[in-house]
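Below, each chain spelled out in residue letters.
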Amino acid sequence: MRLRNKPWAKPLIEANPQFITTDPKKYRSAWQERFKKKAPLFVEIGTGKGQFIIEMAQEYPERNFIGIELQTSVAAVVLKKQLELKLNNLQLICANGSGVSEYFENGEVTGIYLNFSDPWPKKKQAKRRLTYPTFLEQYKMVLEEKGHLEFKTDNRGLFEYSLMSMNNFGMVFDKVSLDLHQSEEAEQNIMTEYEEKFSQRGQVIYKLEAHF
């Protein structure tokens, strides 16, 4: 997700280090210290405007959540919401989501969410897809033994690629939905901003859950 540059974004982030960091490497293996209490840690890579990660934090107070967003202006939008809500179980990272193995210790994370990631449709762009093997290797490192990954998209091509990539990597699929909003999971599903927009247009949403 991209927004026009917001002059207030960087100063807002710099003024609120209690909720957001631009240097996640220094908290590797010590993320629990940034929360009010220790709890299983769940990470969303690419938070967008934060609807999903905020609602998850509200719905599951017994878990700790971290949202990673690369774009400064977008991360600042999420931060503004967090400044109003002050959720004790939500922290934010403004940095590139491709560096998760540098941000988290091996086995430090319980779950990873990939929601409506950039499909990078051209073959030469495949290495940028967040379900490419080099990314899966990082997720495997940071996830605990029983940890899992959840992936949602409206892009059938990316979904098919991800199924193949994860299968070839040796992952085990726990759930696969070819039409999430018409499935039994629909009532419990927490949507992203993109997901709401796409579903209103009648687009099919694909979802999978898997573990290593």
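Everything numeric in this text was worked out from a predicted model, so none of it was measured.

Colleague: Describe the overall build of the protein, with residues and values.
Modeller: Looking only at helices and strands, the protein has seven helices and eight strands in total. Against the compact-globule benchmark of 17 Å for 212 residues, the protein has a radius of gyration of 16 Å, which places it among compact chains. With the C-alpha coordinates aligned to their principal axes, the bounding extent of the protein is approximately 40 × 40 × 35 Å. Counting every position in the protein, which comprises 212 residues, the buried fraction comes to 50%. Restricting the contact set of the protein to residue pairs at least 6 apart, pairs at least 24 apart contribute 77%.

Colleague: Quick one: what's the story with the UniProt feature "binding site: substrate" (unreviewed entry) in the protein, residue by residue and with numbers?
Modeller: The residues that UniProt annotates with the feature "binding site: substrate" (unreviewed entry) are K122, D154, T192, E193, Y194 and E195. Taking the farthest pair of C-alpha atoms as the criterion, the annotated set spanning 74 residues is dispersed, since that pair is 25.0 Å apart. Secondary-structure assignment places K122 in the loop between β5 (109-115) and α5 (133-142). Positionally, D154 belongs in the loop between β6 (143-153) and α6 (156-169). Residue contacts for D154: discarding those within four places in its chain leaves F116, F198, Q203, V204, I205 and Y206. Only 3.2 Å separates the side chain of D154 from the side chain of Q203, close enough to count as a polar contact.

Colleague: Can you lay out the packing of aromatic side chains for me, pointing to particular residues and giving the numbers?
Modeller: This model, assessed by the stated rule, comprises 10 aromatic pairs. Considering the side-chain rings of F52 and Y113, the 5.1 Å spacing of their centres and the 70° angle between planes classify their relative orientation as edge-to-face. Separated by 61 residues along the polypeptide, F52 in helix α2 (residues 51-59) and Y113 in strand β5 bring together distant segments of the chain. Look at F52 and you get buried, because its relative accessible area is 5%. The structure contains a cluster of three or more aromatic residues connected by ring pairs, namely F42, F52, F65 and Y113. The ring of F42 carries R63 above its face, with NZ or CZ at 4.7 Å from the centroid. The ring centre of W120 lies 4.7 Å from the NZ or CZ of R128, which sits over that ring.

Cut-offs applied
- Residues numbered from 1 in each chain as written.
- Predicted model: local features only at pLDDT ≥ 70, side-chain atom pairs only at ≥ 80, totals over all residues.
- Heavy atoms only, no water.
- Helix = DSSP H or I, 4+ residues; strand = E, 2+ residues; numbered from the N terminus.
- Rg over C-alpha atoms; globule rule 2.2 N^0.38 Å.
- Buried < 20%, exposed > 50% of the residue type's maximum accessible area, 1.4 Å probe, protein only.
- Contact = heavy atoms within 4.5 Å.
- UniProt positions renumbered as here; feature names shortened; annotations may be inferred.
- Polar contact = N/O pair within 3.5 Å; in protein donor to acceptor, adjacent residues only side chain to side chain.
- Phe/Tyr/Trp six-rings, centres within 6.5 Å; stacked < 30°, edge-to-face > 60°.
- Lys NZ or Arg CZ within 6 Å of the ring centre and 35° of its normal.

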